[in-house]
Amino acid sequence: RKEVEQDPGPFNVPEGATVAFNCTYSNSASQSFFWYRQDCRKEPKLLMSVYSSGNEDGRFTAQLNRASQYISLLIRDSKLSDSATYLCVVNSGYALNFGKGTSLLVTP
Amino acid sequence: DAGVIQSPRHEVTEMGQEVTLRCKPISGHNSLFWYRQTMMRGLELLIYFNNNVPIDDSGMPEDRFSAKMPNASFSTLKIQPSEPRDSAVYFCASSFPAGGEAHNEQFFGPGTRLTVL
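The residue numbering used here restarts from 1 in each chain and proceeds along that chain's sequence as written. Starting at A for chains and at 1 for ligands, labels are handed out in the order in which the entities are written. In view of the model being predicted, local features appear only for residues whose pLDDT reaches at least 70, and side-chain atom pairs are presented and counted only at 80 or more, with totals across whole chains, interfaces and linings using the full set of residues. Excluded from the side-chain calculations are hydrogens and water; all other atoms, namely the structure's heavy atoms, are used.

**Q** Lay out the nonpolar core in plain terms, naming residues and giving numbers.
**A** Judged by nonpolar contacts, the single largest core of 23 residues is most densely connected at A:F21, A:W35, A:I71, A:L73, A:I75, A:Y86 and A:L104. If you list the elements that add at least two residues to this core, you get β3 (19-25), β4 (33-38), β7 (60-65), β8 (70-75), β9 (84-92) and β11 (102-107) of chain A. By the convention used here, residues are in contact when the closest approach between their heavy atoms is within 4.5 Å. Not counting residues within four places of it along the chain, the set of residues in contact with A:Y86 comprises A:Q6, A:F21, A:W35, A:Y36, A:R37, A:L47, A:F60, A:L73, A:I75, A:G101, A:T102 and A:L104. Judged by nonpolar contacts, the second largest core, of 21 residues, contains B:C23, B:W34, B:A67 and B:Y90. We call a set of buried residues a nonpolar core when its members are Ala, Val, Leu, Ile, Met, Phe, Trp, Tyr or Cys and they connect through side-chain atoms within 4.5 Å of each other. In this scheme, a residue with accessible area under 20% of its type's maximum is buried, one over 50% is exposed, and one in between is partly exposed, where area comes from a 1.4 Å probe on protein chains only. For the purposes of this entry, the term helix denotes a DSSP run of H or I that reaches at least four residues, the term strand denotes a run of E that reaches at least two, and both are numbered from the N terminus.

Printed below as a string of C-alpha cells:
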C-alpha cells in the first residue's frame, strides 16, 4: 500500500466553483504535512503547509485529521490559473512521501 | 537568487549508455534530494544527502544508479548502464533542515527529462 493516497481525478470544474481534494496517509507517526502544486511539465512547488488546527491562505484552506490520517485541501472561487496537479505530501522520518497527485482543470 | 539548477534539461540516449545528471542546490541549503517522477509511480525519492553525506539511499533502484555530492554546491546522479525503463523526469531538490524530523519547504529544480531508447 502506498504511503500517501490521492484520487487522481481529473476534477473538471467551472470558474468560481469550490473544489475539495482529499488525501490519506498510512504512517501514523508523520509530523509534517504539505500540499504542493505542479503545473504541466514543471517542477513541484510548495502551495501550503498543513497544520493541526487547519489553516487558510486566501482562497485555499487545508485541514488535517490525525485520528483518521486524512488531509484535505479546499479551493474556493477557483480560477483558470488554479489548473494544475496538487500533490499531498507527508513526512516519513527524514523523507517526504509524495502522493501521485490530483489533477484539476478549471474551465471558463 | 538562482533556484536549484539542473542540467541537462533534456537527455536522449541509447540503452547501455552512461547518463550523468547534475544539480546545483540553492546556496545555504544543506539538504539535497534526488527524485524520479513517472506517470505510473509518481514522485519517488531516490536519495537524500545532508551536509554532503548520503543519509538515505534506500530509494535507489539498483546498482546501476549512483549519486555523489562532492561539495555543498554540486551533486550528480549517474546511471550506468541506462535502460529504457529508466526513462523519467529526474528532479533535484534542496532545503534547509528544520531539525529532527521536522521539514522545511523543498525547492525543486526544473528537472531533467531522460529518454532511454
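Okay, back to it.
**Q** Any details on the state of the cysteines? Residues and values, ideally.
**A** Throughout, a disulfide means two cysteine sulfur atoms within 2.5 Å of one another. Using the criterion set out here, one finds two disulfides over all chains in the structure. Here A:C23 pairs with A:C88 through a disulfide, and the sulfurs are 2.0 Å apart. Looking along the S-S bond of the A:C23-A:C88 disulfide, the torsion reads about -75°, which is the left-handed sense. Here A:C23 is found in strand β3, whereas its partner A:C88 is found in strand β9, with 65 residues between them in sequence. Taken as a pair, A:C23 and A:C88 share a single burial class, namely buried. One disulfide in the model links B:C23 with B:C92; its S-S distance is 1.9 Å. Taking the torsion about the sulfur-sulfur bond, which here is approximately -65°, the covalent link between B:C23 and B:C92 counts as left-handed.

**Q** So what about the layout of surface pockets? Which residues, and what values?
**A** Buriedness of a pocket was judged along seven lines, with at least five required to meet protein on both sides within 12 Å; pockets are open sets of points on a 1 Å grid over the protein atoms alone, cavities are sets where a 1.4 Å probe fits but cannot get out, and lining residues have an atom within 4 Å of a point. Grid points are joined across faces, edges and corners, and a volume is the space filled by probe spheres set on the points. The computed volume of the largest pocket comes to approximately 760 Å³. Together, 30 residues line the largest pocket, and A:Q38, A:R41, A:T85, B:Q37 and B:M39 are the ones closest to its centre. Secondary structure elements with two or more residues in the lining of the largest pocket: β9 and β11 of chain A together with β4 (31-38), β5 (42-50), β9 (88-95) and β11 (112-116) of chain B. Any residue that is not Ala, Val, Leu, Ile, Met, Phe, Trp, Tyr, Cys, Pro, Asp, Glu, Lys or Arg is counted as polar, Gly included; the first ten are nonpolar and the last four charged. Per-class residue counts for the lining of the largest pocket are eleven nonpolar, twelve polar and seven charged. Roughly 330 Å³ of internal volume is contained in the second largest pocket. Mapped onto the lining of the second largest pocket, the elements with two or more residues apiece are β10 (95-98) of chain A together with β5 of chain B. Of the residues belonging to the lining of the second largest pocket, the class tally is eight nonpolar, four polar and six charged.

**Q** I'd like to hear about the environment of B:H10, residue by residue, with values.
**A** Relative to the helices and strands, B:H10 is located in strand β2 (residues 10-13). Looking at B:H10, the relative accessible area reads 54%, which means it is exposed.

**Q** So what's going on with the interface of chain A and chain B? Which residues, and what values?
**A** Listed as interface residues are 17 residues of chain A and, on the opposing side, 21 residues of chain B. By buried area we mean the combined loss of accessible area, with a 1.4 Å probe, across both parts when two parts are placed together. Between chain A and chain B, roughly 1700 Å² of surface is buried when both sides are summed, and carbon and sulfur atoms account for 56% of that area. Here a polar contact means two N or O atoms within 3.5 Å. Within protein one must be a hydrogen donor candidate and the other an acceptor candidate, and residues neighboring in sequence count only if both atoms are side-chain atoms. Seen at the junction of chain A and chain B, the total is three residue pairs in polar contact (both at pLDDT 80 or more). Elements represented by at least two residues in the side of chain A that touches chain B include exactly β4, β5 (44-49) and β10 of chain A.

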